[in-house]
Amino acid sequence: MSLAPRQQNILELVRERGYVSIDELARHFAVTPQTIRRDINQLGDAGLLRRYHGGAAYDSSVQNTAYSQRAHQMRDEKQRIAAAMAARIPDQASLFINIGTTTEAIARALLNHRDLKIITNDLHVASILSTKEDFDVLIAGGNVRSDGGVVGQATADFISQFKVDFALIGISGIDEDGTLLDFDYQEVRVSQAIIHNARKVFLAADSSKFGRSAMTRLGSLEQIDCLFTDTQPDDVFAELLARYKVHLEIAD
């Protein structure tokens, strides 16, 4: 495919940053959002990037986007999803919360609750929730990553000591066969322990996660009780949710 200079520059920006919104690109190139959408559609049709609602991303199946970039991707959608999930959590509940920028948004949405007991392997989540005096926050031990995630066998062993009411989890990708995917196998081991030791499992996944590739298998949609997302999933995912009897909640 022969690319126009602007399209080539768009592709370079998306690859550099991981994700760029349509509004950012329109301002950068001093063109209309409609022009950028046409460029993104052509680049997406050519398989050079992934189109998302409101932007475009360059996805790798072997390496996750940098934490600083993930923190800005789909921020409004993550906040809506977090608010919807928090609304389903009663006061005085026990929770697991795993690693991710989406689960950090969930932690902030839980601050109006009372008397929660939270076990997490994310330092950012622990920092957010520890500001509430009536919350009991436990942080799992293990190897600390640069993004604040805590992983390793010691982390999974710590999680396995508990049985909680709810697991609130994020994910990097959901394959079209319903497989839940992530990048770090050590993180996946911890998330598997979280799912196994919770009575109810709530998954937060914005629309960019559907069909996104990652190389490590975490589990299956069949293990999820409720999926919170921002838009109606495509038919292939809707059929899987119906087959596995996963309740779908759209935070629109």
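For every chain, the first residue of the written sequence is number 1, and numbering continues from 1 along that sequence. With pLDDT at 70 or above as the cut-off, local features in this predicted model cover only qualifying residues; side-chain atom pairs require 80 or more to be listed or tallied, and sums for whole chains, interfaces and linings still use all residues. Excluding hydrogens and water, the side-chain figures rest on all heavy atoms present in the structure.

## Thoughts on the domain arrangement of the chain
The cut-off we apply is this: Start and end points for every domain follow an automatic or database-based domain assignment.
Per the domain assignment, the segments making up the chain are domain 1 (3-58) and domain 2 (71-248). Put simply, the middle of domain 1 and the middle of domain 2, counted by C-alpha atoms, are 29 Å apart.

## A closer look at the environment of valine 14
Operational definition: Only DSSP runs of H or I with at least four residues qualify as helices, and only runs of E with at least two residues qualify as strands; both kinds are numbered from the N terminus onward. Summary of the burial criterion: residues with accessible area below 20% of their type's maximum are buried, those above 50% are exposed, and those between are partly exposed, where the area comes from a 1.4 Å probe applied to protein chains only. For this analysis, residues touch if any pair of their heavy atoms sits within 4.5 Å.
As for its position among the elements, valine 14 is in helix 1 (residues 5-17). On the basis of relative accessible area, valine 14 is assigned to the buried category, the value being 0%. Leaving out residues up to four positions away in the same chain, valine 14 has contacts with Tyr19, Val20, Leu49, Ala56, Ala57 and Tyr58.

## Comments concerning the pairing of strand 14 (residues 226-229)
Selection criterion: Any two strands are treated as partners once DSSP identifies two or more bridges connecting them.
Neither face of strand 14 is exposed, since Cys226 and Phe228 on one face and Leu227 and Thr229 on the opposite face are all buried. Inspection of the sheet shows strand 12 (residues 198-204) paired to strand 14 by three bridges, in the parallel sense. The residue bridging alanine 204 from the neighbouring strand is phenylalanine 228, located in strand 14. Where strand 14 meets strand 15 (residues 247-250), four bridges bridge the pair, whose relative direction is parallel.

## A few points about helix 3 (residues 33-45)
Operational definition: The span expected for a helix works out to 1.5 Å for each residue beyond the first. What the arc covers is the set of directions going from the helix axis to the C-beta atoms.
In a regular helix each residue adds 1.5 Å, so 13 residues correspond to 18 Å; helix 3 covers 18 Å between its end C-alpha atoms and thus fits that length. Every buried residue belonging to helix 3 is among Thr35, Ile36, Asp39, Ile40, Leu43 and Gly44, and all of these are buried. Along helix 3, the residues classed as buried sweep out an arc of 170° about the axis, all on the same side. Residues of helix 3 that are buried sit in contact with helix 1, helix 2 (22-29), strand 2 (50-52) and strand 3 (55-57). The first or second residue beyond helix 3 is glycine 47, which carries a positive phi of 75°.

## Describing the sheet that holds strand 10 (residues 173-174)
Let me state the cut-off plainly: Angles here are taken between N-to-C directions and fall from 0 to 180 degrees, while the axes themselves are lines fitted to C-alpha atoms, restricted in helices to the stretch in contact.
Pairing in this open sheet of three strands is antiparallel, and the strands run 10-11-13 from one edge to the other. Looking along the sheet, the strands with just one partner apiece sit at the ends: strand 10 and strand 13 (216-220). Relative to strand 11 (residues 179-182), strand 10 runs antiparallel, the two being bridged by two bridges. Looking at the pairing, glycine 173 lines up with leucine 181 of strand 11. Those strands touched by helix 9 (residues 185-196) are strand 11 and strand 13, and its axis lies near 15° from that of strand 13.

## A closer look at the nonpolar core
Spelled out, the test is: Throughout, nonpolar core names a set of buried Ala, Val, Leu, Ile, Met, Phe, Trp, Tyr and Cys residues whose side chains join them through atoms within 4.5 Å.
Ranked by internal contacts, the top residues of the largest apolar core, which has 28 residues, are Phe96, Ile169, Ile174, Leu180, Leu203, Leu221 and Ile224. Of all the elements in the fold, those that place two or more residues in this core are helix 8 (153-159), strand 9 (164-170), helix 9, strand 12 and helix 10 (235-243). In this view, isoleucine 174 contacts Thr179, Leu180, Leu203, Ala205, Lys209, Phe210, Gly211, Arg212, Leu221 and Phe237; residues no more than four positions away in its chain are not counted. In terms of nonpolar packing, the next biggest core, distinct from the first, is built from 26 residues, Leu95, Leu116, Ile128 and Ala204 among them.

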